[in-house]
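Close look at the chain arrangement
Residues per chain are reported as follows:
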Amino acid sequence: MVAVIEGIAFLVAVTDDAKLGRLARSIDELERPDGFEIAVLERRGATSLAAAYNELQREAADWRYKAYVHQDAVVRNRALIPGVLRIFRRKTVGLIGPAGCRYLPESGVWWDGSGVFGRVVHLTPRGEETLELEQPNGQFEVVEAVDGLCMITQHDVPWDEAIGGFHFYDVAQSLRYVLAGYDVVVPRQEEPWFAHDETPRAVPQSAEYVAARDAFRERYWADRERFQRSRIRRRVRRAATRVRTLWL
């Protein structure tokens, strides 16, 4: 039996060494508990993020925690690891993301959804701009999908390579965790945990975007709706049980 490495592996699809270097420097500055290890693993020449992340997941199989992070990101919260470990004390939490939504809209675009949470700094030519969404009341908010800027896990779920290119891979992966029975969460952030370079919004009419969106909807939307209906029924049954108990 292979020993589990008590630490976190940051997994990155790389096309720009300068951006990777900036990210790696921010990771080097992180606080870490005694005996806790940190590594940065990279994959180049990726045709899709899902394919790159599957390869990296296999390479990092021995690591207890994994962070799938964009190369243009910067870790701002030096206490990221203690914060992540506190959340992962709840073993049902499978995935942490910096921003996300409680309910996905039909478009599959999380920021157009209902109940959007999180904080992220955009690094723009005009300076830093902070995306301020709703803050969780507690330590975190359970959501349906998170942004792919940095997706931190304590349980492995393979990525769906049928979601090609670089769109909708994050909402698909979020739903894979939800459908597997794990909680997907956005943490409370007094200061944003991450910054990243401003990038143009995806062009919804592009062939790559449309193909990824259609693949996502075909593969996950019906299962997502069935899961939501069953969750609502479970909540109704629990509420009815509580009411009956009160009258006994």
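Residues numbered from 1 in each chain as written. Predicted model: local features only at pLDDT ≥ 70, side-chain atom pairs only at ≥ 80, totals over all residues. Heavy atoms only, no water.

1. What about the overall build of the protein chain?
Across its full length, the protein chain holds five helices and 13 strands. Over its C-alpha trace the protein chain gives a radius of gyration of 18 Å, about what one expects of a compact globule, namely 18 Å for 248 residues. For the C-alpha atoms alone, the extent of the protein chain along its principal axes is close to 65 × 50 × 45 Å. Within the protein chain, contacts between residues at least 6 apart in sequence are counted, and of these 77% link residues at least 24 apart. Taking the average place of the 35 positive charges on the side chains of the protein chain and the average place of its 36 negative ones, the gap between the two points comes to 9 Å. (Helix = DSSP H or I, 4+ residues; strand = E, 2+ residues; numbered from the N terminus. Rg over C-alpha atoms; globule rule 2.2 N^0.38 Å. Contact = heavy atoms within 4.5 Å. Lys, Arg positive; Asp, Glu negative; His and termini not counted. Charge placed at Lys NZ, Arg CZ, Asp CG, Glu CD.)

2. Let's talk about the nonpolar core
Ranked by internal contacts, the top residues of the largest apolar core, which has 48 residues, are Ile8, Phe10, Leu80, Leu104, Ile152 and Phe216. When sequence neighbours within four positions are dropped, the list of residues in contact with Leu80 reads Phe10, Leu30, Val75, Ile152, Trp193 and Phe194. Of all hydrophobic cores here, the second largest spans 25 residues; its members include Ala39, Ala50, Val178 and Val184. (Core = buried A, V, L, I, M, F, W, Y, C linked by side-chain atoms within 4.5 Å. Buried < 20%, exposed > 50% of the residue type's maximum accessible area, 1.4 Å probe, protein only.)

3. Topic: the environment of Phe117
Following the sequence through the fold, Phe117 ends up in strand E7 (residues 114–124). Setting aside its immediate chain neighbours within four residues, Phe117 contacts Pro98, Ala99, Gly100, Arg102, Leu133, Glu134, Gln135, Pro136, Glu141, Val143 and Val186.

4. Some remarks on the packing of aromatic side chains
Scanning the entire structure with this criterion turns up 12 aromatic pairs. Ring centres of Tyr53 and Trp159 lie 4.8 Å apart, and the angle between their planes is 55 degrees; this geometry places the pair in the tilted category. Separated by 106 residues along the polypeptide, Tyr53 in helix H2 (residues 49–59) and Trp159 in the loop between strand E11 (150–153) and helix H4 (169–179) bring together distant segments of the chain. Neither Tyr53 nor Trp159 differs from the other in exposure class; each is buried. (Phe/Tyr/Trp six-rings, centres within 6.5 Å; stacked < 30°, edge-to-face > 60°.)

5. A look at helix H3 (residues 80–87)
All of the buried residues along H3 are Leu80, Ile81, Gly83, Val84 and Ile87. On an axial view of H3, the arc spanned by its buried residues comes to 160 degrees, and they lie on one face. (Arc of directions from axis to C-beta.)

6. Re the sheet that holds strand E1 (residues 5–14)
With respect to topology, seven strands assemble into an open sheet ordered E2-E1-E3-E11-E5-E12-E9, the strand pairing being mixed. The two strands at the open ends of the sheet, each matched to only one other strand, are strand E2 (37–44) and strand E9 (140–143). Ignoring which end each strand starts from, the neighbouring axes of this sheet average 25 degrees apart. Across four bridges, strand E3 (residues 63–69) lies against E11 in antiparallel orientation. Each bridged residue has a counterpart across the sheet, and for Ala67 the counterpart in E11 is Ile152. Together, E1, E2 and E3 form the strand contacts of helix H1 (residues 17–28), whose direction differs from that of E2 by roughly 170 degrees. (Pairing = 2+ DSSP bridges. Axes fitted to C-alpha atoms, helices over the stretch in contact; angles between N-to-C directions.)

7. Details of the state of the cysteines
Counted by the stated rule, this structure contains zero disulfides. Left without a disulfide partner, Cys150 is nearest to the cysteine sulfur of Cys101, which lies 18 Å away. (Disulfide = S-S within 2.5 Å.)

8. Thoughts on the confidence of the model for the protein chain
Per-residue pLDDT for the protein chain averages 92, and the proportion of residues at 70 or more is 90%. Here residues 239–246 is a poorly scored stretch, pLDDT under 50, and it has zero contacts once near neighbours within four places are set aside; other chains count. (pLDDT = per-residue confidence, 0-100.)

9. Overview of the environment of Glu55
Its location among the elements puts Glu55 in helix H2. Taking the relative accessible area as the measure of exposure, Glu55 reaches 34% and is therefore partly exposed.

10. Focus on the pairing of E1
In terms of burial, E1 is largely enclosed, as eight of its 10 residues are buried. The pairing of E1 with E3 spans five bridges and is parallel. What sits directly across from Ala9, in E3, is Lys66. Sheet analysis places E1 next to E2, joined by eight bridges and oriented parallel. Note on E2: the bridge partner recorded for Val12 is Glu42.

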